[in-house]
Amino acid sequence: MRLWTVHPRYLDAKGLVAAWREALLALKVLRGATRGYRHHPQLIRFQAHRRPAVAIAAFLHGLADEAERRGYRFDRRRIVARRTRVTIRETEGQLRYEWLHLKRKLRIRAPERAREVRRVTAPAPHPIFRLVAGEVREWEKRTG
């Protein structure tokens, strides 16, 4: 499960669909509708929000906005929460780590997309995240 800090505009089509599916699963977890994944590290920042299900719903709306911009149709009825303005603080180090991780994935999975984002040096975060100074988060499962 990867709930990206980076803005969904950088994801390739497969990545955007995967993020949607994983965030829908996260919504089920946060609403207590499934027993699996309850302790997944990617959920920590949403679980820390005063209204976790509302926070992940806002994340899902951000993904759906990007999907619509590209002409895809994600079923917002699956979000089951009205659109609400949510802000979660995330570290610049976490964003930088995920950006490098995403670029590695894109080079393998979507080389054309990798070329499109190659020159981006300061990626934007997903709309719900507000960046603060800091390193990669302790819950991150580092690879590479």
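In what follows, the structure referred to is the one given above.
Undergrad: Any chance you could break down the overall build of the protein for me, citing the residues and the numbers?
TA: For the protein, the helix and strand inventory stands at five helices and two strands. Order of helices (α) and strands (β) in the protein, N terminus to C terminus: α-α-α-β-α-α-β. Radius of gyration (C-alpha) of the protein: 15 Å, near the 15 Å computed for a compact globule of 144 residues. Residue burial in the protein is summarised as follows: out of 144 residues, 48% are buried. Of the contacts formed within the protein by residues at least 6 apart in sequence, a portion of 78% connects residues at least 24 apart. Carbon together with sulfur atoms contributes 49% to the accessible area of the protein, which is approximately 8400 Å² in total. Placing the 35 positive and 14 negative side-chain charges of the protein at their respective mean positions leaves the two points 3 Å apart.

Undergrad: Quick rundown of the environment of Arg-50? Include the residues and the values.
TA: Residue position: Arg-50 is located in the loop between helix H2 (44–47) and helix H3 (52–69). Owing to a relative accessible area of 72%, Arg-50 belongs among the exposed residues under this scheme. Residues Arg-50 and Leu-95, 45 residues apart in the sequence, show an inter-C-alpha distance of 22 Å.

Undergrad: So what about the nonpolar core? Which residues, and what values?
TA: With 40 residues, the main nonpolar core has Leu-3, Trp-20, Phe-46, Ile-56, Phe-59 and Leu-102 as its most contacted residues. Every element with two or more residues in this core is listed here: helix H1 (13–30), H3, helix H4 (92–109) and helix H5 (111–117). No other element matches H3, which puts ten residues into this core. Each residue touching Phe-59, except ones within four places of it in the same chain, is listed here: Leu-3, Trp-4, Ala-23, Phe-46, His-126, Ile-128 and Phe-129.

Undergrad: A description of the pattern of salt bridges should follow, citing residues and the corresponding values.
TA: Where charged atoms of side chains with opposite charge meet at close range, the side chains can pair. Per the stated rule, a full pass over the model turns up 13 salt bridges. A salt bridge links Glu-116 to Arg-113; the shortest N-O distance between them is 2.5 Å. One end of the pair is Glu-116 and the other is Arg-113, both in helix H5 and three residues apart, which spans about a single turn. Arg-113 gets classed as buried once you look at its relative accessible area, which sits at 18%. Three or more residues joined by partner-sharing salt bridges are found here, namely Arg-2, Arg-45, Glu-90, Glu-98, Arg-137 and Glu-140.

Undergrad: If you had to explain H1 to someone new, which residues and values would you point to?
TA: In a regular helix each residue adds 1.5 Å, so 18 residues correspond to 26 Å; H1 covers 26 Å between its end C-alpha atoms and thus fits that length. Listing the buried residues of H1 in full gives Gly-15, Leu-16, Ala-19, Trp-20, Ala-23, Leu-24, Ala-26, Leu-27, Val-29 and Leu-30.

Undergrad: Give me the lowdown on unusual backbone geometry, citing residues and values where you can.
TA: In this structure, Tyr-37 takes a positive phi of about 65 degrees despite not being glycine. When you line up the elements, Tyr-37 lands in the loop between H1 and H2. Using a relative accessible area of 45% as the deciding quantity, one classes Tyr-37 as partly exposed.

Calculation rules
- Residues numbered from 1 in each chain as written.
- Predicted model: local features only at pLDDT ≥ 70, side-chain atom pairs only at ≥ 80, totals over all residues.
- Heavy atoms only, no water.
- Helix = DSSP H or I, 4+ residues; strand = E, 2+ residues; numbered from the N terminus.
- Rg over C-alpha atoms; globule rule 2.2 N^0.38 Å.
- Buried < 20%, exposed > 50% of the residue type's maximum accessible area, 1.4 Å probe, protein only.
- Contact = heavy atoms within 4.5 Å.
- Areas by Shrake-Rupley, 256 points an atom, 1.4 Å probe, with all protein chains shown as cover.
- Lys, Arg positive; Asp, Glu negative; His and termini not counted.
- Charge placed at Lys NZ, Arg CZ, Asp CG, Glu CD.
- Core = buried A, V, L, I, M, F, W, Y, C linked by side-chain atoms within 4.5 Å.
- Salt bridge = Lys/Arg side-chain N within 4 Å of Asp/Glu carboxyl O.
- Expected span 1.5 Å × (residues − 1).

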